[in-house]
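# Examination of the molecular architecture
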Amino acid sequence: MEAFDGSVAATAGADLSDEAKSELTADLQNGKGDFFNDLLAVLLQNCSGIGALATRSRVPGLIVPVHNLDGAFPDEGPIRFLLEAKMFGTPKHANNPKQKPDGRPGSADIDKRVKELAFKSIDLKGEYSRRRVAEGAGERTGGAGGGDITTWLRGIEPMIYFFIGIRVVNQADFVRAMRWASTAEQVVDAVGVFCFEPVAEDQFTTYRKRTDVPPSLQIERVLYKACTDLQALADR
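Just so you know, these numbers come straight off a predicted model, no measurement behind them.

### Overview of the overall build of the chain
On a plain count of helices and strands, the chain comes out with 6 helices and 6 strands. Its helices and strands taken in sequence order, the chain reads α-α-β-β-β-α-α-β-α-β-β-α from the N to the C terminus. In terms of C-alpha radius of gyration, the chain reaches 19 Å, essentially the compact-globule figure of 18 Å for 236 residues. Principal-axis analysis of the C-alpha atoms gives the chain an extent of 65 × 35 × 35 Å. In the chain, the proportion of contacts linking residues at least 24 apart, taken out of those at least 6 apart, comes to 69%. Carbon and sulfur atoms form 51% of the exposed surface of the chain, whose accessible area is close to 12,100 Å². Looking at the chain, you have 29 positive and 33 negative side-chain charges, and the mean spots of the two groups are 5 Å apart.

### Here's the deal with the pairing of strand β4 (residues 159-167)
Where burial is concerned, most of β4 is hidden: 9 out of the 9 residues are buried. Residues M159, Y161, F163, G165 and R167 of β4 are buried on one face, and the alternating residues I160, F162, I164 and I166, pointing to the opposite face, are buried as well. Where strand β3 (residues 81-88) meets β4, 8 bridges bridge the pair, whose relative direction is parallel. When the sheet's bridge partners are listed, F81 is paired in β4 with M159. One ladder, built from 7 bridges, connects β4 with strand β5 (residues 190-200); its direction is parallel. Each bridged residue has a counterpart across the sheet, and for R167 the counterpart in β5 is F196. Handedness of the crossover is the feature at issue here: the chain leaves β4, passes through helix α5 (residues 171-185), returns alongside β5, and the resulting connection is right-handed.

### Re the pattern of salt bridges
Counting across every chain of the model gives 15 salt bridges. Salt-bridge contacts for E116 lead to R113; the nearest nitrogen and oxygen are separated by 3.1 Å. Here E116 pairs with R113, and both are found in helix α3 (residues 110-134), just 3 residues apart, close to one helical turn. Linking E197 and R208 is a salt bridge whose minimum nitrogen-to-oxygen distance equals 2.9 Å. Here E197 is found in strand β5, whereas its partner R208 is found in strand β6 (residues 203-209), with 11 residues between them in sequence. Judged by relative accessible area, E197 falls into the buried class, the value being 14%. The class for R208 is partly exposed, based on a relative accessible area of 42%. Among the charged side chains, a salt-bridge network with shared partners connects E197, R208, R210 and D212.

### Observations regarding the sheet that holds β5
The 6 strands are arranged β1-β2-β3-β4-β5-β6 in an open sheet whose pairing can be described as mixed. Strands at the two margins of the open sheet, each flanked by one partner only, are β1 (54-60) and β6. Across this sheet, the average inter-strand angle for adjacent strands is 35 degrees, counted without regard to direction. In this fold helix α2 (residues 18-48) packs onto β3 and β4, with an angle of close to 145 degrees to the strand it touches most, β3. Against the sheet, helix α6 (residues 219-235) touches β2 (66-73), β3, β4, β5 and β6, its axis set at about 155 degrees to β4.

### Quick look at the pairing of β2
In this sheet, β2 lies alongside β1 in antiparallel orientation, the contact comprising 4 bridges. Paired with R56 across the bridge in β2 is L69. By the bridge criterion, 2 bridges tie β2 to β3 in an arrangement that is antiparallel. In the strand pairing of β3, A72 is matched with L82.

### Section: the environment of P60
Summarising the element assignment, P60 is placed in strand β1. With 110 residues separating them in the primary sequence, P60 and N170 have C-alpha atoms 41 Å apart. Setting aside anything within four residues of it in sequence, one finds P60 in contact with P65, V66, H67, L124, E127 and R131.

### Some remarks on the packing of aromatic side chains
For the structure shown, the criterion picks out 5 aromatic pairs. Ring geometry for Y161 and F163: centres 6.3 Å apart, planes at 20 degrees, overall stacked. With 5.5 Å between their ring centres and 35 degrees between their planes, F194 and F196 make a pair best called tilted. Of the residues examined, F194 reaches a relative accessible area of 25% and is grouped as partly exposed. Taken together, F81, Y161 and F163 form an aromatic cluster joined through their ring pairs. Stacked on the ring of F174, the Lys or Arg R210 has its end atom at 3.9 Å from the ring centre.

Definitions and limits used
Throughout, residues of each chain are indexed from 1 in the direction in which the sequence is written. In view of the model being predicted, local features appear only for residues whose pLDDT reaches at least 70, and side-chain atom pairs are presented and counted only at 80 or more, with totals across whole chains, interfaces and linings using the full set of residues. Neither water nor hydrogens contribute to the side-chain values; these are computed over all heavy atoms in the structure. Helical segments are the DSSP runs of H or I of at least four residues, strand segments are the runs of E of at least two, and each set is numbered from the N terminus. Between the two quantities, the radius of gyration covers C-alpha atoms and the globule rule is 2.2 Å times the number of residues to the power 0.38. In what follows, a contact means two residues having at least one pair of non-hydrogen atoms within 4.5 Å. Each accessible area is a Shrake-Rupley result for a 1.4 Å probe, and residues are judged covered by the shown protein chains and nothing else. As used throughout, the charge tally considers Lys and Arg to be positive and Asp and Glu to be negative, leaving His and the chain termini uncounted. Lysine's charge is taken at NZ, arginine's at CZ, aspartate's at CG and glutamate's at CD. Relative accessibility decides the category of a residue: with a 1.4 Å probe and only protein chains considered, values under 20% of the type maximum give buried, values over 50% give exposed, and everything between is partly exposed. What makes two strands pair is DSSP finding at least two bridges between them. Look down the strands so they point away from you; if the path from the first strand over the helix to the second goes clockwise, the crossover is right-handed. Should a side-chain nitrogen of Lys or Arg be within 4 Å of a carboxyl oxygen of Asp or Glu, the pair is scored as a salt bridge. Every axis in this analysis is a line fitted to C-alpha atoms, fitted for helices over the stretch in contact. Angles between the N-to-C directions lie between 0 and 180 degrees. Any Phe, Tyr or Trp ring, taking Trp's six-membered ring, that has another such ring centre within 6.5 Å forms a pair; planes under 30 degrees apart are called stacked, those over 60 apart edge-to-face, and the others tilted. A positively charged side chain is recorded as over a ring if its NZ (Lys) or CZ (Arg) lies within 6 Å of the ring centre. The angle to the ring normal must also be within 35 degrees.

Structure representation (structure tokens):
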């Protein structure tokens with residue numbers, strides 16, 4: 001994360017046109033998210049022994065006709081496991097020259113992503129449930145409106161694991177990020193958080209890990225749970 005963000009911050013002083021700076025910054029930011037997603041996928045593949053998590057296109061939803069998904073298992077047939085990963089927070093860079101010196105808060109965009117994920121979870125699990133009932137393989141439960149929606153969502157495949165990498169700039173930013181991570185726990189099967197912050201006010205891209213993430217959200221615990229769930233799915 002330091003390497004990616006150090007490069008992002010350096011774009012502000014690069015000897016490039018504004019357009020080139022903008023494109024380079026976007027590439028670096030996208031690369032950080034791709035790296036995080038790929039790293040998680042490799043860890044889960046090696047731990048569970050399932051082989052590669054697949055990229056699946058045109059996966060039907062209950063409301064949205066199709067979804068394109070990364071990190072799915074298995075690679076054909078009904079999806080039973082889905083890895084979702086997002087990175088939040090960036091240092092000041094060429095594309096946000098008016099940003100405060102410490103950069104964009106990690107919690108600035110997390111609410112939008114959690115809301116998007118909530119819809120995706122309901123849409124995928126709702127369609128899976130509908131198809132199972134239509135095939136005669138599932139019981140009618142009254143759907144998501146029949147009771148507690150979190151209980152219903154966690155009882156329906158695919159299992160959805162949401163992993164967050166977040167750069168926070170202060171305690172208020174951390175508290176808000178954890179609050180939205182806890183909200184996400186209500187709409188997916190588990191949420192794992194890797195949280196880090198600048199070590200000092202004048203070292204914006206040198207980081208330390210936050211060690212006070214709540215236990216249920218700690219990324220190492222959630223990765224282990226995801227691994228055992230994948231092993232169980234593969235053994236069925």
